[in-house]
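Here is how the chains run, residue by residue.
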Amino acid sequence: ELRLPPKCVRIVAAMMEQPQHTFTRSELERIGWNNEEASPDTLRTHVSILRRALQAPGLLDPIQTLHGVGYRMNPAYAVVQPDPLLPAGDVATSA
């Protein structure tokens, strides 16, 4: 069972809904804090909580930091969906 603070849930939900989008700090603060003011380190702390909760040992970080730009979901974590045109058991990844 994965337990996350409500702000983390809102942040990761937004990032998963738009996995190719790079979210700026201000976008994620609006999402996580519902337009309330947050201290400068608060978002960084919540992203760190998400990373610890979501990252499996030995695997890539699920959240990428684009320095000076923002955060996004790591493209390596593309959603895997069955392809109806492939034989059973084969999958295609969405881009």
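Before reading further, recall that the structure is shown in the block above.
Residues numbered from 1 in each chain as written. Predicted model: local features only at pLDDT ≥ 70, side-chain atom pairs only at ≥ 80, totals over all residues. Heavy atoms only, no water.

1. Some details on the environment of Asn34
Thinking step 1. Here Asn34 lies in the loop between helix H2 (25-33) and helix H3 (40-54).
Thinking step 2. Measuring from C-alpha to C-alpha, the distance between Asn34 and Lys7 comes to 9.0 Å, with 27 residues separating the pair along the chain.
Thinking step 3. Residues within four places of Asn34 in sequence aside, it is in contact with Arg10 and Glu29. (Helix = DSSP H or I, 4+ residues; strand = E, 2+ residues; numbered from the N terminus. Contact = heavy atoms within 4.5 Å.)

2. Re a nonpolar patch on the surface
Thinking step 1. On the surface, Leu59, Leu60 and Tyr77 cluster together into a nonpolar patch covering about 290 Å² of accessible area.
Thinking step 2. As for its position among the elements, Leu59 is in the loop between H3 and strand E1 (63-66). (Patch = residues over 30% accessible without salt bridge, like charges linked within 9 Å, V, L, I, M, F, W, Y side chains within 5 Å. Areas by Shrake-Rupley, 256 points an atom, 1.4 Å probe, with all protein chains shown as cover. Salt bridge = Lys/Arg side-chain N within 4 Å of Asp/Glu carboxyl O.)

3. Points about helix H1 (residues 6-17)
Thinking step 1. The first and last C-alpha atoms of H1 sit 16 Å apart over 12 residues, in line with the 16 Å expected at 1.5 Å per residue.
Thinking step 2. Looking at H1, one finds that the buried residues are Cys8, Ile11, Val12, Ala14 and Met15. Buried residues in H1, looked at end-on, bunch into an arc of 160 degrees, giving them a common side. Relative to its buried face, H1 has exposed residues pointing more than 90 degrees away, namely Pro6, Met16 and Glu17.
Thinking step 3. In this structure, the buried residues of H1 make contact with H2, H3, E1 and strand E2 (70-73). (Expected span 1.5 Å × (residues − 1). Buried < 20%, exposed > 50% of the residue type's maximum accessible area, 1.4 Å probe, protein only. Arc of directions from axis to C-beta.)

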